[in-house]
Amino acid sequence: MSKPKAILLFGPPGAGKGTVGAKLTNVSANYHLSTGDIFRGLPPESPNGKVFYSYANEGKLVPDDVTIEIFWRYMQGLIDTNKFDPSTQYIFLDG
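Below or above, wherever it landed, is the structure these notes cover. (Residues numbered from 1 in each chain as written. Predicted model: local features only at pLDDT ≥ 70, side-chain atom pairs only at ≥ 80, totals over all residues. Heavy atoms only, no water.)

A few points about the nonpolar core
The test is simple: As used here, the term nonpolar core means buried Ala, Val, Leu, Ile, Met, Phe, Trp, Tyr and Cys residues forming a set that is joined through side-chain atoms within 4.5 Å. Each residue is placed in one exposure class: buried if its accessible area under a 1.4 Å probe, protein chains only, is under 20% of its type's maximum, exposed if it is over 50%, and partly exposed if it falls in between. The secondary structure listing takes helices from DSSP runs of H or I that are at least 4 residues long and strands from runs of E that are at least 2 residues long, numbered from the N terminus. By the convention used here, residues are in contact when the closest approach between their heavy atoms is within 4.5 Å.
Ranked by internal contacts, the top residues of the largest apolar core, which has 16 residues, are Leu33, Ile70, Met75, Phe84 and Ile91. Contributions of two or more residues to this core are made by strand S2 (31-34), helix H2 (35-40), helix H4 (64-80) and strand S3 (90-94). The biggest single contributor to this core is H4, with six residues. Aside from chain neighbours lying at most four places away, what touches isoleucine 70 is Ile38, Phe39, Leu42, Asn48 and Phe52.

Some details on helix H3 (residues 47-56)
We apply this condition: The directions considered for the arc are those from the helix axis to the C-beta atoms.
When H3 is considered as a whole, its buried residues turn out to be Asn48, Gly49 and Phe52. Seen along its axis, H3 keeps its buried residues to an arc of 95°; they face one direction. Among the exposed residues of H3, those pointing more than 90 degrees away from its buried face are Pro47 and Lys50. Of the surrounding elements, those touching the buried residues of H3 are H2 and H4.

Thoughts on the pattern of salt bridges
Short version of the rule: Salt bridges are defined by distance alone: a side-chain nitrogen of Lys or Arg within 4 Å of a carboxyl oxygen of Asp or Glu.
Considering all chains together, one arrives at three salt bridges under this definition. Among the salt bridges present, the one from glutamate 58 reaches lysine 60, with a minimum N-O distance of 3.0 Å. Residue lysine 60 is classed as partly exposed on the basis of its relative accessible area of 49%.

Quick notes on the side chain of asparagine 48
The topology assignment puts asparagine 48 in helix H3. Look at asparagine 48 and you get buried, because its relative accessible area is 15%. In this view, asparagine 48 contacts Leu42, Ile70 and Arg73; residues no more than four positions away in its chain are not counted.

Next up, the structure:
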């Protein structure tokens, strides 16, 4: 996978990161991705979901290495389905 060009959107909850990210992608050919949306969208029975929910159900934070692995698998899925092209698009990351 090509290394994606990313723009990070920072701010406290409710600051408008998701709104700004969505608006930026509406006026450009880039992609907005909320890391929280990745986790919330994991089916509990999937391999990634099982790992995520084993931590979340105990109220624990998911370790960085697990988060990174889940993120890269998701990114690869976006690339494989032609939803994101790291050679021509930026990704706006929020979360």
